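# Structure at a glance
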Amino acid sequence: MKYLVVGLGNTGLEYEHTRHNIGFDIVDFAVKTLEGSFRLDTLGYIAETKYKGRTIYFLKPNTFMNLSGKAVH
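All values derive from a computational prediction rather than experimental measurement.

Cut-offs applied
Residues numbered from 1 in each chain as written. Predicted model: local features only at pLDDT ≥ 70, side-chain atom pairs only at ≥ 80, totals over all residues. Heavy atoms only, no water. Helix = DSSP H or I, 4+ residues; strand = E, 2+ residues; numbered from the N terminus. Contact = heavy atoms within 4.5 Å. Core = buried A, V, L, I, M, F, W, Y, C linked by side-chain atoms within 4.5 Å. Buried < 20%, exposed > 50% of the residue type's maximum accessible area, 1.4 Å probe, protein only. Expected span 1.5 Å × (residues − 1). Arc of directions from axis to C-beta. Phe/Tyr/Trp six-rings, centres within 6.5 Å; stacked < 30°, edge-to-face > 60°. Lys NZ or Arg CZ within 6 Å of the ring centre and 35° of its normal. pLDDT = per-residue confidence, 0-100.

The next thing to look at is the environment of Asn 10. Assignment of secondary structure puts Asn 10 in the loop between β1 (2-6) and α1 (22-33). With 48 residues separating them along the chain, Asn 10 and Phe 58 place their C-alpha atoms 16 Å apart. Leaving out residues up to four positions away in the same chain, Asn 10 has contacts with Tyr 15, His 20, Asn 21, Phe 24, Phe 64 and Met 65.

Encoded structure:
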């Protein structure tokens, strides 16, 4: 089985580690814990990890919050 976890947030240093980017922080923590790494894709950063034999994709859209559906689509 494959899973997608999307961490929502806004791009830019002014939002880093603020309440606006808690989704990014959670996804960063999960990927680090699962010893994965992000790569830049067209509309965001994506990481592929494994957990208990399952593939989990983590996505951090590089669009603003209200446009994050574009990255997920």
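This part covers the nonpolar core. Grouped together as the largest cluster of nonpolar side chains are 6 residues: Val 27, Ala 30, Val 31, Ala 47, Ile 56 and Phe 58. Mapped by element, the contributors of at least two residues to this core are α1 and β4 (54-61). Of the residues forming this core, the biggest block, 3 residues, is contributed by α1. Discounting residues that sit within four places of it in the chain, Phe 58 has contacts with Val 5, Val 27, Ala 30, Val 31, Leu 34, Phe 38, Tyr 45, Ile 46, Ala 47 and Thr 49.

This part is about α1. Here α1 contains 12 residues, and its C-alpha end-to-end distance of 16 Å stays within 8% of the 16 Å for a straight helix at 1.5 Å per residue. Among the residues of α1, those classed as buried are Gly 23, Phe 24, Val 27, Ala 30 and Val 31. Along the axis of α1, the buried positions cluster into a sector of 130°, meaning they face one direction only. Projecting away from the buried face of α1 at angles above 90 degrees are the exposed residues Ile 22, Ile 26, Phe 29 and Lys 32. Of the surrounding secondary structure, the elements contacted by the buried residues of α1 are β1, β3 (44-51) and β4. Immediately downstream of α1, the backbone of Glu 35 shows phi near 60°, a positive value.

Right, let's talk about the packing of aromatic side chains for a bit. Tallied over the entire structure, the rule returns 0 aromatic pairs. A cation over an aromatic ring shows up here: Lys 60 above the ring of Phe 24, its NZ or CZ 5.7 Å from the ring centre. Note that Lys 60 overlies the ring of Phe 38, its terminal NZ or CZ placed 4.6 Å from the centroid.

Our focus in this paragraph is the confidence of the model for the protein. Per-residue confidence for the protein averages 91 on the pLDDT scale, and 100% of its residues sit at or above 70. Across the protein, the element-wise mean pLDDT spans from 79 in helix α2 (residues 68-72) up to 96 in α1.

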